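# A structural walkthrough
Letter by letter, the chains look like this.
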Amino acid sequence: MDKLVAAGKKVAGLNPSWWQTVIRVKDPKKSLPFYTKNFGMTLIDTFDFPHMKFSVYTLATLPPGEAYALTPGTAEAHLYKWNHTGTSIEMVYNYGTEADDSKYHPGNAEGDGFGHIAFNVADVYAACAELETNGVTFKKKPDEGRMKGLAFAYDPDGYWIEIVRRGEECDWPGYNLSQTMLRIKDPSVTIPFYTDVLGMKLLSQSDHGVGTDWGFSLYFLGYDEGGKTVKQRFNPVLELTHNHGTEKDADFKYFTGNAPPERVGYSHLGVLVDDVYKASEAFQEAGIEFYKKPEEGKMPGVAMIRDPDGYKIEVVKRGGEARLHDLAAAGAKVYGIDSLL
């Protein structure tokens, strides 16, 4: 634990922030308008990697009153993305999937770790009525089940989207991206990883069915937003769900969304820091495992670390000017780079 705390102190000096949640999508022509038209998200950037046959699309809930005038896919938009102070959804599209019979696994089957993303809204009932009018289908409507007042909608790939009522004191309109939910095996191991190493705050915890065979606990984490509660925040929280008893099973583990061919859908979280190499040194000193170190692979300057449950966390340098050159050198299409750098 001392090693984690020591690493966290070094990482804290590099201004970590939760940058993105990454999911795979089959057809961006369906997924992009679904999120922009129904949930008010803005497409802030795109990246094409023709040599590796995939593209990425970045969507964000912009703060109230902020207009977005940049063109996704330009160098200016790339820099905005790498300096974004909020949390975005990045969609990964692998060329050709829209035309084949494949489909991504949305989570929530037995043993799955990824649960859902969520949006907050002022009136869940009115929002869901409008979504239904727009053709959105539901796992659960707000007047169904034991938990009244919240809903779960399906996106075009079958991912669950929770729709939750925000705090009454919040006065911004429309939706805001409010959470990503992952299931964890042992909170005594996972919570310190996110708080001590990555610098998140444990904002709240709730325990349900303690002593029963269905008991579970919910942990809500996030970077500080002026002391605001979970429902007062504009930026999302990471919801970690612990089903009681999994920590006692030495062989138990969750599928993390990256187990081909049948369990691929959710991909990873992303974190921005001021210096990926210094952050990676701190991670290594703490004994944290890497899927990829920044000097390795086809994507220089990017690290991919492993959390205690095996979920991937991408670590990327904030700012991005040098990163544009790295990506261009790696074969990505970076439009307008010469005008900026």
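Residues numbered from 1 in each chain as written. Predicted model: local features only at pLDDT ≥ 70, side-chain atom pairs only at ≥ 80, totals over all residues. Heavy atoms only, no water.

Overall, the coordinates contain two cavities of 30 Å³ or more when judged by the stated rule. In this structure, the largest cavity encloses a volume near 50 Å³. Surrounding the largest cavity, Thr61, His84, Gly86, Thr87, Asn176, Leu177, Phe234, Asn235 and Pro236 form its lining. Broken down by class, the residue content of the lining of the largest cavity amounts to three nonpolar, six polar and no charged. Taken as a whole, the second largest cavity spans an internal volume of roughly 40 Å³. (1 Å grid on protein atoms, 1.4 Å probe; cavity = no way out; pocket = protein on both sides within 12 Å on 5 of 7 lines; lining within 4 Å. Points joined across faces, edges and corners; volume = space filled by probe spheres on them. Nonpolar A, V, L, I, M, F, W, Y, C, P; charged D, E, K, R; others polar.)

Attention now moves to the pairing of strand 4 (residues 88-94). Most of strand 4 is tucked away: six of the seven residues are buried. Here strand 1 (residues 17-24) pairs with strand 4 via five bridges, running parallel. When the sheet's bridge partners are listed, Val22 is paired in strand 4 with Glu90. Direction of pairing for strand 3 (residues 54-60) relative to strand 4: antiparallel, over a ladder of seven bridges. Directly across from Leu59, in strand 4, lies its bridge partner Ile89. (Buried < 20%, exposed > 50% of the residue type's maximum accessible area, 1.4 Å probe, protein only. Helix = DSSP H or I, 4+ residues; strand = E, 2+ residues; numbered from the N terminus. Pairing = 2+ DSSP bridges.)

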